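Descriptive structure summary
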Amino acid sequence: MPELPEVEVTRLRIAPLLEGRTVAEVHTTRRSLVFLTPPTTLRRRLSGRTFRALARRGKYLVATLDDASRLVLHLGMTGQLFSSEAVSPRLLSVASRSALAPEEQRRFRPDLHTHLRLCFEDGGPEVLFRDARKFGKVLLLGPSERSERLDRLGIEALDLSGEALFRASRRRKLAIKSLLMDQSVVAGSGNIYSDEALFLAGVRPTRRAGRITRRECDRIAEGIQRVMRRSIETGGASISDFIGPDGRDGGYQDERRVYAREGERCHRCGGRIRRVVIGQRSTHFCPGCQR
DNA sequence: ACCGCACCCTGAGCGC
DNA sequence: TGCGCTCAGGGTGCGG
């Protein structure tokens, strides 16, 4: 669920907890699909390093260290990156929460899903990476090492122009929704913001990409930028597992026009929002407003 | 080359 | 109350 806005909100809030701080200890879970770099290597190579800048590329966070190596994180579906001082009822699963006394339920304690825990020499707040579903990724790149994952990303969604989208969509037969979800075309766009942008553009998500007009591409690109910028302003969309690094929920879920609103009224025309499946993903649109 | 689809994983929510 | 089922979907990789 974390898409570009949620990752950007995470970056803005977690950067102060990384930049300029030196790693004292690294705790990890056992080797799993989450670790593209083995946990033993992570522990060895991160210890004693100081974080410089925290950047974002698409849905990836890229933290540069003082030896020019880079720690790359992807939140997947259920990944959470946050401070040990965060307070939120979402930091634990419903099941593990209910076993605790009420006053303990909002405080986080590392559990079996806490794959990475960074402790710092200054003894301040720790930085934690938790992901129950294990769709997230942790990767450490050497100083000049390249990553195919990062290299194949397309245009940043916040920089997308109608012209670029028009060019990328020519002769493509897949649904426009699927094209928007393709990270090698538009980096950072996922299920929620693709549906929302297509609603703003008045374009039905099932339309073949190659049939979208230049004018419609302008509206889609404009729509993506608008929904994403607004979401970043409101702290992201806290649908399912996303929380801010400080535990705060986002507010964008309250501004959804179509996503997860099947059967509800369209705010614009009053018609019923419909749900279809495109490329294994649930897709929402208003039949009256989107042609 | 392009596209659709199965798969990785676990928790929430639902029906019985 | 509790079990078993379905669903959620970002990204990868394979088969047609």
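Residues numbered from 1 in each chain as written. Chains lettered and ligands numbered in written order. Predicted model: local features only at pLDDT ≥ 70, side-chain atom pairs only at ≥ 80, totals over all residues. Heavy atoms only, no water.

In this section: the protein's contact with DNA strand C. The environment of DNA strand C is formed by 16 residues, the closest being H74, R133, F135, Y259 and R281. Atoms of DNA strand C within 4 Å of the protein belong to the sugar or the phosphate in 53% of instances, the rest to bases. R149 has a polar side-chain atom sitting 3.2 Å from a phosphate oxygen of DNA strand C. Here a phosphate oxygen of DNA strand C and a side-chain polar atom of S282 are 3.0 Å apart. Split by residue class, the surface near DNA strand C holds 6 nonpolar, 4 polar and 6 charged. (Near = heavy atom within 4 Å. Polar contact = N/O pair within 3.5 Å; in protein donor to acceptor, adjacent residues only side chain to side chain. Nonpolar A, V, L, I, M, F, W, Y, C, P; charged D, E, K, R; others polar.)

Turning our eyes to something else, we now look at unusual backbone geometry. Even without a glycine there, the phi angle at R171 is positive, about 60°. According to the relative accessible area criterion, R171 is exposed, its value standing at 81%. One non-glycine residue, A260, adopts positive backbone phi at about 55°. As for its position among the elements, A260 is in the loop between α8 (214-233) and β11 (274-278). Given a relative accessible area of 43%, A260 falls into the partly exposed group. (Buried < 20%, exposed > 50% of the residue type's maximum accessible area, 1.4 Å probe, protein only. Helix = DSSP H or I, 4+ residues; strand = E, 2+ residues; numbered from the N terminus.)

Summed over the entire model, instances satisfying the criterion amount to 1 aromatic pair. Over the ring of F120 we find R21, and its NZ or CZ is 4.0 Å from the ring centre. (Phe/Tyr/Trp six-rings, centres within 6.5 Å; stacked < 30°, edge-to-face > 60°. Lys NZ or Arg CZ within 6 Å of the ring centre and 35° of its normal.)

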